[in-house]
Amino acid sequence: MSTAPIESSAGVNSVGIEDIEFFADDLDAERAAAAYREHGCLVVRGLTTAYLQDLKRDIEATAAQAIALLDRAKAVPEGWTTPDGTLFLPAPAGFKRDKQIMTLPISYRTSATFFRAAFDKKTVDIVEAILGPNIELFGDGQCLYKEPVGGHPKHLHQDSSYFEHRFQGPVATLNYVVDTDLRNGALHVVPGSHRMGTLAHVDTFSHLGLDENEWPWERALPITGQAGDSIFFHYRTIHGSQENHSDKARPVFINRYRRVDDYVIISGTTVENRAEAEKRAAQARKNEQRGLMVRGFRAYEDE
Ligand SMILES: O=C(O)CCC(=O)C(=O)O
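One numbering rule holds for all chains: residues counted from 1, following each sequence as written. Confidence filtering applies because this is a predicted model: local features only for residues at pLDDT of at least 70, side-chain atom pairs given and counted only at 80 or more, and all residues used for totals across whole chains, interfaces and linings.

1. Remarks on the overall build of the protein
Numbered from the N terminus, helices here are DSSP runs of H or I no shorter than four residues, and strands are runs of E no shorter than two. Of regular secondary structure, the protein possesses 6 helices and 22 strands. Looking at the protein as a whole, 42% of its 303 residues are labelled buried. Think of it this way: build a C-beta for each residue from its backbone, and any pair within 7 Å is a contact. In the protein, of all internal contacts separated by at least 6 residues, the share reaching a separation of at least 24 is 76%. Once C-beta atoms are placed from the backbone, each residue is buried if 20 or more other C-beta atoms lie within 10 Å of its own, exposed if 12 or fewer, and partly exposed for counts between those two.

2. Description of the site of the ligand
A residue counts as near a molecule or strand when its C-beta atom, positioned from the backbone, falls within 6 Å of it. Around the ligand, the surrounding shell consists of Leu-144, Lys-154, Asp-159, Gly-185, Leu-187, His-239, Gly-240, Ser-241, Val-252 and Ile-254. Listed by contribution, the elements that provide at least two residues to the shell around the ligand are strand E19 (239–241) and strand E20 (250–259). If you tally residues by element for the shell around the ligand, the top one is E19, at 3 residues. In terms of residue class, the shell around the ligand is built from 4 nonpolar, 4 polar and 2 charged. Three classes are used: nonpolar for Ala, Val, Leu, Ile, Met, Phe, Trp, Tyr, Cys and Pro, charged for Asp, Glu, Lys and Arg, and polar for all others, with Gly counted as polar.

3. Focus on the confidence of the model for the protein
pLDDT is a residue-level measure of predictor confidence that goes from 0 to 100. Per-chain confidence: the protein averages 94 in pLDDT, with 96% of residues scoring 70 or above. For residues 1–12, every residue scores under 50 in pLDDT, and the model assigns this stretch 24 contacts once sequence neighbours within four places are set aside.

4. Some details on the sheet that holds E19
An order of E11-E19-E14-E17 is seen for the 4 strands of this open sheet, with the pairing classed as antiparallel. Every interior strand has two partners, whereas the edge strands, strand E11 (154–157) and strand E17 (221–223), have only one. Here the average twist between neighbouring strands, direction ignored, is 25°. A pair of strands is treated as paired once DSSP finds two or more bridges between them. Of the pairings in the sheet, the one linking E11 to E19 comprises 2 bridges and is antiparallel in character. From the neighbouring strand, His-157 faces E19, where its bridge partner is His-239. A fitted line through C-alpha atoms serves as each axis, taken over the contacting stretch for helices, and the angle formed by two N-to-C directions is quoted from 0 to 180°.

5. Notes on the pairing of strand E8 (residues 99–104)
Among the 6 residues of E8, 5 are classified as buried, and the element is accordingly described as predominantly covered. Relative to E8, strand E7 (residues 87–90) is paired through 4 bridges, and the arrangement is antiparallel. Residue Pro-90 lies in a different strand from E8, and its bridge partner there is Lys-99. The pairing of E8 with strand E10 (residues 142–146) spans 2 bridges and is classified as antiparallel. What sits directly across from Thr-103, in E10, is Leu-144.

6. Some words on the nonpolar core
Of all hydrophobic cores here, the largest spans 60 residues; its most connected members are Leu-42 and Val-189. With 5 residues, helix H5 (residues 121–131) is the largest single contributor of residues to this core. Apart from residues no more than four positions distant in its own chain, Leu-42 is found in contact with Ile-20, Phe-22, Ala-32, Ala-35, Tyr-36 and Phe-232. By definition, a nonpolar core groups buried Ala, Val, Leu, Ile, Met, Phe, Trp, Tyr and Cys residues that are joined through C-beta atoms within 7 Å.

7. Section: helix H2 (residues 29–39)
Taken together, the buried positions of H2 are occupied by Ala-32, Ala-33, Ala-35, Tyr-36 and His-39. For H2, the buried positions fall inside an angular range of 160° around the axis, keeping them on one side. Turning to H2, the residues buried within the fold contact helix H1 (17–20), strand E3 (21–23), strand E4 (41–45), H5 and strand E18 (230–234). Positive backbone phi, approximately 75°, marks Gly-40, located one or two places after H2. Arc definition: directions from the helix axis to the C-beta atoms.

8. Quick word on the environment of Leu-182
Along the chain, Leu-182 falls in the loop between strand E13 (171–176) and strand E14 (187–189). Sequence separation between Leu-182 and Ser-246 is 64 residues, and the spatial gap between their C-alpha atoms is 9.8 Å. Leaving out residues up to four positions away in the same chain, Leu-182 has contacts with Pro-222 and Thr-224.

9. Description of unusual backbone geometry
A negative phi holds for most residues other than glycine; trans holds for most peptide bonds. Residue Val-149 is not a glycine yet carries a positive backbone phi of 55°. With respect to the helices and strands, Val-149 occurs in the loop between E10 and E11.

10. Some details on the packing of H2 against H5
Where H2 meets H5, the axes come as close as 8 Å, and the angle between the chain directions of the two elements is 55°. Considering their axes alone, H2 and H5 lie oblique with respect to each other. As for the relative orientation of H2 and H5, their crossing is right-handed in sense. Only Asp-125, Ile-126, Ala-129 and Ile-130 of H5 make contact with H2, whose side of the interface consists of Ala-29, Glu-30, Ala-32, Ala-33 and Tyr-36. Tallied by class, the residues present in the contact of H2 with H5 amount to 7 nonpolar, no polar and 2 charged. To sort the angles, those under 35 degrees are grouped as roughly parallel, those over 145 as roughly antiparallel, those from 65 to 115 as roughly perpendicular, and the leftovers as oblique. It is the rotation of the near helix from the far one that decides the hand of a crossing: anticlockwise by less than a right angle makes it left-handed, clockwise makes it right-handed.

The structure is reproduced here in structure tokens:
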């Protein structure tokens, strides 16, 4: 594992994996939350192992369903979508199809195991130590799926470029479903970048991303890990992952949590549609965006 200094815009960032690494069977949620506050990210080894077998089955069923629907794909600004909601990107040269899966529509609405995993006690204990006692889910869960032999890269970016929030924004957990290393698309993070505000993003192959000349992969810390490892990150922490060059799929599933009073004020996927959304930020309202509660209570609030 790399512990080499990482260049960051704030200077040299010498954070290594040992500074952000925790273990599910010996977990101190307060210590984990302190590392998150300091670095904007942390990894908990073995946190979601209990859900993997069933989740993997549901993910692979969703992928097979998506590929069977490919002849009904429609072009959208981000690529193509099939009727089930799968997002496809152009495939690289030499790939078996002209389109590759990017985002699979498995969610809390299609997989009971996915929904159950979002309520995992140890996971939510850490989230509570970060966000406080009243927590809702943001979104329905997400699955990024890198197909074998070339599966798409996701350029370094901040999630706040896609969904800027009114307050501190969501905490994400990105969960490895298979052992994940530099060959099949390990997540890279830039510790400390959650304090940089939302940076200007450009349009890339994988939608909004940071300028590659300013943010080459060498500035980020790769997190290799085993199936069942979970990476927590702040929505302004710079992160991304490279292509899958192995011969097996590399799925991850993502849960996002936020304070009950937080909400999206700007959302976008391209420079152009984000700039349009920025003009409407003041009209965003919490009451139209109430997520399902995972812990605590939502009191009534007048808008
Ligand atoms: O699939 C991955 O490894 C990256 C996912 C990601 O960066 C995102 O969903 O924001």
